[in-house]
Amino acid sequence: MGTPYHPPVKRSVEIAGHKTSISLEPLFWDMLRAAAEREGVPINALVARIDEQRIKARTPPGLASAIRVWLVSKAS
């Protein structure tokens, strides 16, 4: 097994009809892919759902941070 420490990887996703880039470490991309598979939705749809929740926060974090927090909260 390799090290979990790896620089972020930038990928494009589509949210509400527009493309945006998100930089996440490969571990989080793997977790996001697995979460989307468990929920039976495409990654774009899951990211859009996380984004909707994020923007409702009193002080919304960046999208990448919101994804990381969402993933960790679901893992515990």
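Refer to the structure printed above.
Residues numbered from 1 in each chain as written. Predicted model: local features only at pLDDT ≥ 70, side-chain atom pairs only at ≥ 80, totals over all residues. Heavy atoms only, no water.

Points about the pattern of salt bridges
Here is step 1: Evaluated as defined, the whole model comprises 4 salt bridges.
Here is step 2: For Arg 33, the salt bridge goes to Asp 30, with nearest N and O atoms at 3.0 Å. Of the two residues, Arg 33 and Asp 30 both sit in helix H1 (residues 26-39), 3 residues apart, roughly one turn of that helix. (Salt bridge = Lys/Arg side-chain N within 4 Å of Asp/Glu carboxyl O. Helix = DSSP H or I, 4+ residues; strand = E, 2+ residues; numbered from the N terminus.)

Some remarks on the environment of Pro 26
Here is step 1: Structurally, the position occupied by Pro 26 is in helix H1.
Here is step 2: The spacing of Pro 26 and Lys 10 is 16 residues in sequence and 9.6 Å in space, taken between C-alpha atoms.
Here is step 3: Not counting chain neighbours up to four residues away, the residues in contact with Pro 26 comprise His 6, Pro 7 and Val 9. (Contact = heavy atoms within 4.5 Å.)

Considerations on the packing of helix H2 (residues 43-55) against helix H3 (residues 63-75)
Here is step 1: Between H2 and H3, the shortest axis-to-axis distance is 10 Å and the interhelical angle comes to 100 degrees. Here H3 runs roughly perpendicular to H2, going by the angle between their axes. Across the interface between the two elements, Leu 46, Val 47, Ile 50, Asp 51, Gln 53 and Arg 54 of H2 pack against Leu 63, Ala 66, Ile 67 and Trp 70 of H3.
Here is step 2: The class makeup of the residues in the contact of H2 with H3 is 7 nonpolar, 1 polar and 2 charged. (Axes fitted to C-alpha atoms, helices over the stretch in contact; angles between N-to-C directions. Parallel < 35°, antiparallel > 145°, perpendicular 65-115°, else oblique. Nonpolar A, V, L, I, M, F, W, Y, C, P; charged D, E, K, R; others polar.)

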